[in-house]
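# Summary of structural features
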Amino acid sequence: MTGGVAPVDFAALADALVRGALRATGPDALCAELGRAAVDAGLPVLRLHLSVTLLHPQFASVSATWMRGAGSGAEIEPHDYGSRDRRPFLASPIHYFLTEVLPARVAAAGGVANMPVDRAEPLRFRLEAGEGCARFEVLSEFRAAGATDYLLFGTTYTADAPEGLARDDDPGARGMIASWTTDRPGGFTEAEVAGLSRVQPLFAAALRTGIERHIAATVLETYLGPDAGRRVLGGHIRRGSVEAIDAAILVADLRGFTTLADRLDRDALIGLLNADLAAIVAAVEAEGGQVLKFLGDGLLATFALDPVADGGAESSGAPDRAAVCARALAAASGASAAVAALDAERAASGGPTAGLDVALHLGTVAYGNVGSESRLDFTVIGPAVNEASRIEALCAEIGAPILASRAFVEAAGTPGLFRSVGEHRLRGVAAPRELFAVVES
């Protein structure tokens, strides 16, 4: 014992972190597990907080906070880009640590590579004595709640300049911070501070395994779609590994985009494209569809056929084709309406417009990995996909923003929603196909 304080079993904390690393535990679960392990090991932790940078299209970082006595879990909070320019962060001890303390330490050590990883010195405020409370409002709040001591650690994940960790616009600047707060009179002992300093690199490493898996899942979902992303992350990466699935197919394309590309500057063109594609994707995902790929100024989406769940004659697992087609049609109509609304807004201010053409088809497709040995694409292929693309190309010629195949219309079971526009030849398809436009309400 030191000064009447029993020694902390830091080996138990290390074991908890190793288990978390092997499971690639997420930040909220890891924070809660470590907080509970610390208390069980004899460390009187009142609050444990972590924040870690992400590689995410929407969020720059995520934080997790565990409080003793506030339940078994940790509260997680994502932070969007630009959040580090707002007053709460600018007035925090974390901002001070990242922008002043850590860069000074790196400079003194001659670079990140020269900083010791076995003993991370914390930024410390003895709250019982009022340290930092006048400068940082949050520390004053902690003290008012009974906190006596506050330790802040930081670890960088790259050899880039760590001052970039305080910015949202540097994707190469990555790392984590952790703060430990106690309410024990007298605060942390020197032995406890030293022990936490030794634990900090392991904490950062354990957190990184979970974050890297989260980043991988986010990137795959962003670029491949939710289902395809999960399959790839789950190990479905062998070339030629495909399965036959029945699906409603939606192909959408912005009409007249090539002409717009010739007369608009880059920023205006990209702005229009992003706005329209976002509207189309939102309509597809709202109806349970999956966008598999963007095709320049268009996209390919599928709606996998679901088993019926009403207990009827087909409840043995047969697909409810009508329900799936209804969702695909709703997505097509929603996308068309959304793009039309955007065009109306742009036209009102003298801006450019681009209509939307959508094709709906139904058939069996090959779903999985195709490509070369070193470059694969997880997508759908097959004659049904090709036909859907050829149908979309006829929308402008026929003068119908949404065209559906006979296979789709028959499966939908709602003939009153469609009108035949006759048989048409599809490029690369031997026999003509009867196509149907949506009846305007």
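Refer to the structure above for everything that follows.
Nothing here was measured: the structure is a model prediction, and the numbers come from that model.

## A closer look at the pattern of salt bridges
A side chain of one charge can pair with a side chain of the opposite charge when the charged atoms of the two come close. Throughout the structure, instances matching the rule amount to 14 salt bridges. Arg-124 serves as the salt-bridge partner of Glu-190, at 3.0 Å between the closest nitrogen and oxygen. One end of the pair, Glu-190, is in helix α6 (residues 190-224); the other, Arg-124, is in strand β4 (residues 123-125), and 66 residues separate them in sequence. For Glu-190, a relative accessible area of 53% corresponds to the exposed category. Residue Arg-124 is classed as buried on the basis of its relative accessible area, which comes to 16%.

## Some remarks on the nonpolar core
In terms of nonpolar packing, the biggest core is built from 41 residues, with Leu-250, Leu-254, Ile-280, Leu-299, Leu-360 and Phe-408 touching the most fellow members. Only β7 (242-255), α8 (257-263), α9 (266-286), β9 (298-304), α10 (321-348), β10 (355-371), β12 (402-405) and α13 (406-412) provide two or more residues apiece to this core. Ignoring sequence-local partners within four residues, the contact set of Leu-360 consists of Ile-249, Leu-250, Ala-328, Leu-329, Ala-332, Ile-402, Leu-403, Ala-404, Ser-405 and Phe-408. If you look at the next biggest cluster of nonpolar residues, it comprises 35 residues, including Val-8, Leu-17, Leu-30 and Ala-204.

## Observations concerning the packing of aromatic side chains
Summed over all chains, the structure comprises 6 aromatic pairs. With 6.4 Å between their ring centres and 65° between their planes, Trp-180 and Phe-203 make a pair best called edge-to-face. Taken together, the residues Trp-180 in strand β6 (residues 175-182) and Phe-203 in helix α6 connect sequence positions 23 residues apart. Residue classification places Phe-203 among the buried residues on the basis of a relative accessible area of 1%. Ring centres of Phe-408 and Phe-418 lie 6.4 Å apart, and the angle between their planes is 80°; on these two criteria the pair is classed as edge-to-face. Separated by 10 residues along the polypeptide, Phe-408 in helix α13 and Phe-418 in strand β13 (residues 418-424) bring together distant segments of the chain. Residue classification places Phe-418 among the buried residues on the basis of a relative accessible area of 7%. The structure contains a cluster of three or more aromatic residues connected by ring pairs, namely Tyr-96, Phe-125, Phe-136, Phe-142 and Tyr-150. The residue whose ring lies beneath Arg-135 is Tyr-96, and the NZ or CZ to ring-centre distance is 4.3 Å.

## Some words on the packing of helix α1 (residues 10-22) against helix α2 (residues 27-40)
Relative orientation of the contacting elements α1 and α2 amounts to 160°, with a least axis distance of 9 Å. If you check the angle between α1 and α2, you find them roughly antiparallel. Judged by the twist between their axes, the crossing of α1 over α2 is right-handed. Residue-level contacts link Leu-13, Ala-16, Leu-17 and Gly-20 of α1 to Leu-30, Leu-34, Ala-37 and Ala-38 of α2.

Thresholds, definitions, all that
Residues numbered from 1 in each chain as written. Predicted model: local features only at pLDDT ≥ 70, side-chain atom pairs only at ≥ 80, totals over all residues. Heavy atoms only, no water. Salt bridge = Lys/Arg side-chain N within 4 Å of Asp/Glu carboxyl O. Helix = DSSP H or I, 4+ residues; strand = E, 2+ residues; numbered from the N terminus. Buried < 20%, exposed > 50% of the residue type's maximum accessible area, 1.4 Å probe, protein only. Core = buried A, V, L, I, M, F, W, Y, C linked by side-chain atoms within 4.5 Å. Contact = heavy atoms within 4.5 Å. Phe/Tyr/Trp six-rings, centres within 6.5 Å; stacked < 30°, edge-to-face > 60°. Lys NZ or Arg CZ within 6 Å of the ring centre and 35° of its normal. Axes fitted to C-alpha atoms, helices over the stretch in contact; angles between N-to-C directions. Parallel < 35°, antiparallel > 145°, perpendicular 65-115°, else oblique. Left-handed = near helix turned anticlockwise from the far one by under 90°.

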